[in-house]
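# Overview (structure and organization)
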Amino acid sequence: MASIVKSFAIAGVDGYLVDVETKTICGQPMISIVGLGDTAIKEAKERVESALNNEDFTFPQKKVVINLAPSDLKKSGSHFDLPIALGLLIETDQLNPKKMEAYGVLGELSLNAKLRTCTGVLPMVIAAKEHGMKNIIVPRENVKEASAVKGMNVYGFNSLKEVVDFLEEKKEYIELDKESMPTNEKKAYLLDFKDVQGQDAMIEYIVIAASGGHNLLMLGTPGCGKSMIAKRIPTILPSMTEEEALEVTKIYSVAGLLRGKQSLIKERPFRAPHHNASTNSLIGGGNNAIPGEISLAHNGVLFLDEIAEFSKNSLEALRQPMEDQVVTISRVKYTNTYPANFMLVAAMNPCPCGYYGKDRCRCSDYEVIKYRQKISGPILDRMDIQKNVNPVDFMELSKDFCGRTSKELRERVEFSKEAI
């Protein structure tokens, strides 16, 4: 009978259960991995063989067949290394675990049998909980991320040998101090609206936009404060609920932006892609159909500075996600759906030179019309608030002036949401 180790894979931002089945049969010594695995999974046989030999385990001198079930779903990632290694040890009677079926297993192996952090751990741990599993084995650096799921017993290890000793109950598991683990959690916002001077009218529009989650277009000359204001918008948005934080963290985990050193993302995301960003990087896609900027900005702010400089295809691709708040990326053999509920904030100049209506502007009427037509009507229809941003007279600025703080504005936004 083939040995079975429970593991997980990712489809979009959700995980699903994968049975790693291992069977040795008579034949020329080799490893065959089936079940629609990507290149990283195919290369697992080299890492697993080196890791087993490094820990003085005997690599089977038979043909080894490893099946990742369900076999009709495409799978990717290097986190199948550890379940494959454990399956081989169980199949060759070098490991006799007490309750292997009670554990989900994730982890990438180095050639020296050390466990490396892997991506997408959070949605896979959520999938384990949904399947009634209570125990999950992960690399040590992924413990903090996996522990964000309540009700799960998370076991973190540094090497294959530690996992084997734990499963055979040779050593008692020592709980890791999650507080002392390294972290890359973002600190509170360092920007504040108190630094913005002379734009009181614009700030009122910002508060309205933040209260209702309205998309915003700012039109103004260079240096009038459009980018400065946009970067401070996340500081006045209401705090994320636990459910929203979990959604955002799942997306960043799948995109590989956590790397196991952060639990929940508690601050609303702010994404500001450059105007030369491709359509795939903005919407999502590529070979593995990974989340794009609009999904990374889910429950936060997507800022498109100099929006008129973005390619027409990229801007038009925003129309459906802005309407449906999700984006579906279709490939030949699979389709991934990612959430994309973001607040779009855009900034642009009134003309190519940026100084329309002033003596220094030399743009013709044709050039101005052509420049503004880069933003199509359907995109403008989705911009709920469109506001001209006037420059501030330098003589009116004062180093002693302190505007309304982000804390005060956030209280107004939260009060407005409660009233709604």
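Everything discussed here concerns the structure shown above.
Since this is a predicted model, take the numbers as computed values, not measurements.

## So, the overall build of the chain
Of the regular secondary structure elements, the chain holds 16 helices and 18 strands. The proportion of buried residues among the 420 residues of the chain is 50%. In the chain, the share of contacts with a sequence separation of at least 24, taken over all contacts with a separation of at least 6, comes to 75%. Charge-centre separation for the chain: the mean point of 52 positive side chains lies 2 Å from the mean point of 55 negative side chains.

## Description of the packing of aromatic side chains
The full count for this structure, using the stated rule, is 8 aromatic pairs. Relative to Tyr-173, the ring of Tyr-155 has its centre 5.0 Å away and its plane inclined at 80°; by these criteria the two rings are edge-to-face. Here Tyr-155 is found in strand S9 (residues 153–157), whereas its partner Tyr-173 is found in the loop between helix H6 (160–167) and helix H7 (200–212), with 18 residues between them in sequence. Each of the two residues, Tyr-155 as well as Tyr-173, counts as buried.

## What to know about the pairing of S9
For S9, a buried count of 4 out of 5 residues is recorded, marking the element as mostly surrounded by other parts of the structure. Of the pairings in the sheet, the one linking strand S8 (residues 135–139) to S9 comprises 5 bridges and is parallel in character. Looking at S9, one finds that Ile-136 is bridged to Val-154.

## Considerations on the nonpolar core
If you look at the biggest cluster of nonpolar residues, it comprises 41 residues, and the most contacted ones within it are Leu-52, Leu-86, Ile-137, Leu-160 and Leu-167. Per-element accounting of this core gives the leading share, 7 residues, to helix H3 (residues 81–91). Apart from residues lying up to four places away in sequence, Leu-52 is in contact with Phe-57, Phe-59, Ala-85, Leu-88, Leu-89 and Leu-160. One finds Ala-308, Leu-315, Leu-318 and Ile-379 within the second-largest nonpolar core, a separate group that totals 36 residues.

## Quick notes on unusual backbone geometry
Backbone geometry follows two general trends: most residues other than glycine have a negative phi, and most peptide bonds adopt the trans configuration. Omega for the bond connecting Ala-69 with Pro-70 falls within 30 degrees of zero, at 5°, which places this linkage in the cis form. Tracing the backbone through its elements, the reader meets Pro-70 in the loop between strand S4 (63–69) and H3. In this structure, Glu-169 is a non-glycine residue whose phi angle is positive, near 60°. Looking at where Glu-169 falls in the secondary structure, it is placed in the loop between H6 and H7. Even without being a glycine, Gln-325 presents a positive backbone phi close to 65°. Within the fold, Gln-325 resides in the loop between helix H13 (319–324) and strand S15 (326–330).

The rules behind these values
Residue positions are counted from 1 within each chain, in the order its sequence is given. Thresholds applied to this predicted model are a pLDDT of at least 70 for local features of residues and 80 or more for the giving and counting of side-chain atom pairs; totals over whole chains, interfaces and linings are not thresholded and use all residues. Excluding hydrogens and water, the side-chain values take into account all heavy atoms of the structure. Where helices and strands are cited, they refer to DSSP runs of H or I of at least four residues and of E of at least two residues respectively, numbered from the N terminus. Residue exposure (1.4 Å probe, protein chains only): buried if accessible area is under 20% of the type maximum, exposed if over 50%, otherwise partly exposed. Note on definitions: a residue-residue contact is assigned when non-hydrogen atoms from the two residues lie within 4.5 Å. In this tally, Asp and Glu contribute negative charge and Lys and Arg positive charge; neither His nor the terminal groups of the chain are included. Just so you know, the charge point we use is NZ for Lys, CZ for Arg, CG for Asp and CD for Glu. Stacked, tilted and edge-to-face are the three classes applied to pairs of Phe, Tyr and Trp rings, where Trp contributes its six-membered ring and a pair requires centres within 6.5 Å; stacked means planes under 30 degrees apart, edge-to-face means over 60, and tilted covers the rest. We treat two strands as partners when DSSP finds at least two bridges between them. Nonpolar cores are built from buried Ala, Val, Leu, Ile, Met, Phe, Trp, Tyr and Cys residues. Side-chain atoms within 4.5 Å join them into one set.

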